[in-house]
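Inside the fold
This is what each chain is made of:
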Amino acid sequence: MSKVVVMGTGTMGVGIAASFLAYGAETILLGRDCNKAELNLSKVELCADTINPSWRDTGAQLIAGRIADWSDWQNTDLLIETISERLDLKKALFRELDQRVPPSIPIGSNSSGFPISDITQGLATSHRMFNTHYFMPAHIVPLVEVVLGEKSDPQMAEEICNLYRSHGKKPVLVKRDIPGFLANRIQHALMREALSLVQEGIASPDDVDTAVRYSFGFRYAAVGPMTQKEISGWEGMALAAEVIYPSLSNIQAPPACVMNLVKSGKTGMAKGAGFREWSPEEGAQMKQIYEERLKAAFEVLKIAPEVN
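Only a predicted model underlies this, so the values are computations on that prediction, with no experimental measurement involved. (Residues numbered from 1 in each chain as written. Predicted model: local features only at pLDDT ≥ 70, side-chain atom pairs only at ≥ 80, totals over all residues. Heavy atoms only, no water.)

**Quick look at the packing of helix α1 (residues 11–21) against helix α3 (residues 41–51)**
- Remark: α1 packs on α3, axes separated minimally by 8 Å, with the N-to-C direction vectors making an angle of 50°. Between α1 and α3, the angle is such that the two are oblique. Taken as a pair, α1 and α3 cross one another with a handedness that is right-handed. Of α3, the residues touching α1 (which contributes Val14, Ala17, Ala18, Ser19 and Leu21) are Lys43, Val44, Glu45, Cys47, Ala48 and Ile51.
- Considering only residue class, the contact of α1 with α3 consists of eight nonpolar, one polar and two charged. (Axes fitted to C-alpha atoms, helices over the stretch in contact; angles between N-to-C directions. Helix = DSSP H or I, 4+ residues; strand = E, 2+ residues; numbered from the N terminus. Parallel < 35°, antiparallel > 145°, perpendicular 65-115°, else oblique. Left-handed = near helix turned anticlockwise from the far one by under 90°. Contact = heavy atoms within 4.5 Å. Nonpolar A, V, L, I, M, F, W, Y, C, P; charged D, E, K, R; others polar.)

Written out as structure tokens, the structure reads:
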């Protein structure tokens, strides 16, 4: 049985813990306050139920504790940090972990914005430290990016990837911790063009969503963009690119259509509005629909074996 320690009791920490618990790992959830960590155990269990309702039959244990005084590192396969997205806090925690955690145990950070090279700068055991970046909701979305820093051990990274595979995840090894890693760079390239089209009045936000969901987004649940072009042929893509690439957006900051929303506090469902108005009931309903569709897409991903 694997043993994984998750530091941080927020939404990401809960989801990450659930993803291991659901596959039979002994899972430890640590917070700044032990009582808060204990209160979140039921959330972890509920998330695990949605992945594998029979996880309790595996004998997996779920334990709460306090970050500051946890010392049971025996047989720990991986430690993952999910605390607040502040570089000073992460650097301080990793300085502690550098001293407290046996050097044979790999340590990951779920940070999406801070490269592991920055978080672990100057630490004696930075070779066993990586970005282990999840995507919300962490218990459902299969991808985890395992990112090498300047001093990260590639062999240990491969072992982490194998651990993730044995617990139902789809890891990718990112060989350099460039801004945005892998998936977010691709996602932001798409968002830059989508938002530019909205800004220029060429399409509405709803039409952008429809275009993505019912064309290439629909196909990408079956195969990724590289394989899809292997199927359709690169010559057509190359010819189209000669016409399209020169006109693609190359803006260096979000366009006014987004920044005006942010400045006015209309940042999405949580605030009641973004590009459209959201009542609390509409927001809750859409989040439920979103998770149901994600779970259905996850089942689609299981169809037919992967071709190696």
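From this point, the narrative continues.
**Focus: the pairing of strand β7 (residues 143–147)**
- Of all the five residues making up β7, four are buried; the element is thus mostly covered by neighbouring parts of the structure.
- In terms of strand pairing, strand β6 (residues 129–133) meets β7 through three bridges, oriented antiparallel. Among the inter-strand pairings, Thr132 is bridged to a residue of β7, identified as Val146.
- Once you follow β7 into helix α6 (residues 154–165) and on to strand β8 (residues 170–174), the crossover reads as right-handed. (Buried < 20%, exposed > 50% of the residue type's maximum accessible area, 1.4 Å probe, protein only. Pairing = 2+ DSSP bridges. Right-handed = clockwise from strand over helix to strand, strands pointing away.)

**A closer look at the sheet that holds strand β3 (residues 62–66)**
- The strand order across the open sheet formed by eight strands is β3-β2-β1-β4-β5-β6-β7-β8, and the pairing between neighbours is mixed. Every interior strand has two partners, whereas the edge strands, β3 and β8, have only one. Mean inter-strand twist for the sheet, computed between neighbouring axes without regard to direction, equals 25°.
- As paired strands, strand β5 (residues 107–109) and β6 are joined by three bridges and run parallel to one another. Bridge pairing in β6 links Ser109 to Asn131.
- Running at roughly 145° to β3, α3 makes contact with β2 (26–31) and β3 of the sheet.

**Things to note about a nonpolar patch on the surface**
- A cluster of nonpolar side chains, contributed by Val243, Ile244, Tyr245 and Leu248, occupies part of the molecular surface with about 400 Å² of accessible area.
- Take Leu248: its relative accessible area is 36%, and that puts it in the partly exposed class. (Patch = residues over 30% accessible without salt bridge, like charges linked within 9 Å, V, L, I, M, F, W, Y side chains within 5 Å. Areas by Shrake-Rupley, 256 points an atom, 1.4 Å probe, with all protein chains shown as cover. Salt bridge = Lys/Arg side-chain N within 4 Å of Asp/Glu carboxyl O.)

**Quick notes on the pattern of salt bridges**
- According to the stated counting rule, one finds nine salt bridges in the structure shown.
- Across the pair Glu81 and Lys90 runs a salt bridge, and its minimum N-O distance is 2.4 Å. Here Glu81 matches Lys90 in class, with each residue buried.
- We note a salt bridge from Lys90 to Glu85, for which the minimum N-O separation is 3.5 Å.
- The exposure class assigned to Lys90 is buried, which follows from its relative accessible area of 1%.

**What about the nonpolar core?**
- Core analysis: the largest hydrophobic core is formed by 35 residues, its most contacted members being Phe20, Val44, Ile80, Tyr134 and Tyr164.
- Of all the secondary structure elements, the ones that give two or more residues to this core are β1 (3–7), α1, α3, β3, β4 (78–81), β7 and α6.
- Per element, the largest residue contribution to this core is seven residues, and it comes from α1.
- Non-local contacts of Ile80, meaning those with residues more than four positions away in its chain, are made with Val4, Val5, Val6, Met7, Ile16, Phe20, Gly108, Thr132, Tyr134 and Tyr164. (Core = buried A, V, L, I, M, F, W, Y, C linked by side-chain atoms within 4.5 Å.)

**A look at helix α7 (residues 183–199)**
- Over its 17 residues, α7 runs 24 Å from end to end, which matches the ideal 24 Å to within 8%, given 1.5 Å per residue.
- In this fold, the buried residues of α7 make contact with β6, β7, α8 (205–213) and α12 (256–263). (Expected span 1.5 Å × (residues − 1).)

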